[in-house]
Amino acid sequence: MYVADLDAITGNGDNFRIIQNLRHRHPALQLWVDAGIQDRDDYQRLQENELGVAVIGSETLRDTSLLQQIGTPLHDGTVLSLDFRGQTFLGPDGLDTTPGLWPRKLILMTLARVGGLQGPAMSRVKRTVDLAPEHRIYAAGGVRDAADLQQLQAAGASGVLLASALHSGRLDSPHLDAYR
């Protein structure tokens, strides 16, 4: 389960207690927590609070030094979210085209499509899978229905982050069972 702590991302406190409570109540559930990590101190704070798998969002990174500093452990237990608004990459220059800096798990977050049910950014998914076929790519933003899931699977996506399609009822358990 992906959790975006919007307070932490925007620098208005955090919701760590709530996330810890969720984690303790559902220990079998793996949480991916995006809490606005900007530097090594933020990364270590997330690790120390044992909230789950750290998601480093490119939109909050100042530069690529954190990815370079963390090194090998990052590749095993961290997720990088490459964040886009339309065609514009939000993050340090070149990070979106440098797979050597990426952990094995990568979210392609198209922010303008989140909640919009406009369809995923298929060409971006295909380009990224081609650029880094050894990575696990998770599409985020715009998924409408089972046809989008089929297209993403065909494009090589390892998974998706879903919310609006579930809330609207466009996707349900029978649809998702086909992709487990």
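Because the structure is a prediction, the values reported are computed rather than measured.

Definitions and limits used
- Residues numbered from 1 in each chain as written.
- Predicted model: local features only at pLDDT ≥ 70, side-chain atom pairs only at ≥ 80, totals over all residues.
- Heavy atoms only, no water.
- Helix = DSSP H or I, 4+ residues; strand = E, 2+ residues; numbered from the N terminus.
- Contact = heavy atoms within 4.5 Å.
- Buried < 20%, exposed > 50% of the residue type's maximum accessible area, 1.4 Å probe, protein only.
- Pairing = 2+ DSSP bridges.
- Right-handed = clockwise from strand over helix to strand, strands pointing away.
- Salt bridge = Lys/Arg side-chain N within 4 Å of Asp/Glu carboxyl O.
- Core = buried A, V, L, I, M, F, W, Y, C linked by side-chain atoms within 4.5 Å.
- Lys, Arg positive; Asp, Glu negative; His and termini not counted.

Caption draft 1: The side chain of Thr-60, seen in detail. By secondary structure assignment, the location of Thr-60 is in the loop between strand 3 (53-57) and helix 4 (65-70). Apart from the residues lying within four places of it in its own chain, the contact partners of Thr-60 are Ile-9, Gly-36, Ile-37 and Gln-38.

Caption draft 2: Inspection of the environment of Ile-18 at higher detail. Position of Ile-18 relative to the elements: it lies in helix 2 (residues 16-25). C-alpha of Ile-18 to C-alpha of Leu-51: the two residues are 33 residues apart in sequence and 9.7 Å apart in space.

Caption draft 3: Up close: the pairing of strand 6 (residues 105-110). Of all six residues in strand 6, five are buried, a share of seventy percent or more. Here strand 6 runs beside strand 7 (residues 136-140); their pairing, made up of five bridges, is parallel. Within strand 7, the position partnered with Leu-106 by the bridge is Ile-137. As for the winding sense of the linkage, the β-α-β connection from strand 6 through helix 6 (residues 122-131) to strand 7 is right-handed.

Caption draft 4: Spatial organisation of the pattern of salt bridges. In total, this model carries three salt bridges according to the counting rule given. Across the pair Asp-14 and Arg-45 runs a salt bridge, and its minimum N-O distance is 2.2 Å. Of this pair, Asp-14 sits in the loop between helix 1 (6-10) and helix 2 while Arg-45 sits in helix 3 (residues 40-48); the two residues are 31 residues apart in sequence, bridging distant segments of the chain. Since its relative accessible area comes to 30%, Asp-14 is described here as partly exposed. Exposure remark for Arg-45: the relative accessible area of 37% places this residue in the partly exposed category. Of the charged contacts, one joins Arg-144 and Asp-148 as a salt bridge, the two residues approaching to 2.8 Å between their closest N and O atoms. Arg-144 gets classed as partly exposed once you look at its relative accessible area, which sits at 28%.

Caption draft 5: Spotlight on the nonpolar core. If you look at the biggest cluster of nonpolar residues, it comprises 39 residues, and the most contacted ones within it are Leu-46, Ile-56, Leu-80, Leu-82, Leu-95, Trp-102 and Val-125. The residues contacting Val-125, other than those within four sequence positions of it, are Leu-108, Ala-139, Leu-152, Ala-155 and Ala-157. Residues Ile-107, Met-109, Tyr-138 and Ala-140 belong to the second largest nonpolar core, which totals nine residues.

Caption draft 6: The side chain of Asp-83, seen in detail. As for its placement among the helices and strands, Asp-83 is situated in strand 4 (residues 78-85). Buried Asp-83, no salt bridge; nearest opposite-charge side chain is Arg-85, N-O distance 8.6 Å. In contact with Asp-83, not counting residues within four places along its chain, are Gly-57, Ser-58, Glu-59, Thr-88, Phe-89, Leu-90, Met-109 and Leu-111.

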